[in-house]
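# Geometric and topological summary
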Amino acid sequence: METGWKPMPVIIKIVWIIMIVGASLSLFTLIGVYSQGTDLVGITFYGLTAVNLVFVINLLLPVLLIVGIYKRFKYIWAAVVVYFVLIAVDALFSIPLIDNKVMMLAEQQGESIEKLGEELFYEIAHFTLLIMIIMGAAFNLAIAIIFYIKRKYFMNPPVAMDFNNEMQLPS
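## A look at the layout of surface pockets
- Reported here for the largest pocket is a volume of approximately 1,400 Å³.
- In terms of lining, the largest pocket is formed by 39 residues, of which the most central are Thr38, Asp39, Asn58, Asp90 and Ala91.
- Elements that contribute at least two residues to the lining of the largest pocket include exactly helix 1 (10–36), strand 1 (38–40), helix 2 (47–71), helix 3 (76–93), helix 4 (98–109) and helix 6 (118–149).
- By residue number, the principal contributor to the lining of the largest pocket is helix 1, which donates 10 residues.

Listed below in structure tokens is the structure:
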């Protein structure tokens, strides 16, 4: 079974690149997570626990999946599907925490909220965060569906055709 970049279907190449970029960018979030915290299934974690969660979920697991996709491990598609479904469910569980996130955003904005109006700011921020969470969950579910549909790429090795035997005429 041929591995690497060349035999990958185009859609898996695109997702693979997105995963590499996402894992790379998660390095920059490790610093801020210590004080700002991170959410996991509707529970907010702070400090070293938050850093460890972000490291494992946003960096370590994606890197392992990236390598598995590249090496074309037989059941990596199932691990990718489970990972992206769990990320989508985690995002949906964070919907009740939107008010807390809006409050944190309001503290960071300070006086600029007064120009817009406090009530309008809260409505816009709440709606924007809700749309971001729903679209992020939908995107992750779409990736899970793509890998479920393309699972045959990982499970079935490509058929090598021997043209020499087919070219011979029966005698």
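## What about the packing of helix 1 against helix 2?
- For the pair helix 1 and helix 2, the least separation of the axes is 9 Å and the interaxial angle reads 160°. On the basis of the axis angle, helix 1 is roughly antiparallel to helix 2. In the packing of helix 1 onto helix 2, the handedness of the crossing is left-handed.
- In the contact of helix 1 with helix 2, the residues fall into 21 nonpolar, five polar and no charged.

## Some remarks on the pattern of salt bridges
- For the structure shown, the criterion picks out one salt bridge.
- Lys101 serves as the salt-bridge partner of Asp39, at 3.3 Å between the closest nitrogen and oxygen. One end of the pair, Asp39, is in strand 1; the other, Lys101, is in helix 4, and 62 residues separate them in sequence.
- What makes Lys101 partly exposed here is its relative accessible area of 28%.

Parameters at a glance
Residues numbered from 1 in each chain as written. Predicted model: local features only at pLDDT ≥ 70, side-chain atom pairs only at ≥ 80, totals over all residues. Heavy atoms only, no water. 1 Å grid on protein atoms, 1.4 Å probe; cavity = no way out; pocket = protein on both sides within 12 Å on 5 of 7 lines; lining within 4 Å. Points joined across faces, edges and corners; volume = space filled by probe spheres on them. Helix = DSSP H or I, 4+ residues; strand = E, 2+ residues; numbered from the N terminus. Axes fitted to C-alpha atoms, helices over the stretch in contact; angles between N-to-C directions. Parallel < 35°, antiparallel > 145°, perpendicular 65-115°, else oblique. Left-handed = near helix turned anticlockwise from the far one by under 90°. Nonpolar A, V, L, I, M, F, W, Y, C, P; charged D, E, K, R; others polar. Salt bridge = Lys/Arg side-chain N within 4 Å of Asp/Glu carboxyl O. Buried < 20%, exposed > 50% of the residue type's maximum accessible area, 1.4 Å probe, protein only.

Read these as geometric descriptors, not functional statements.
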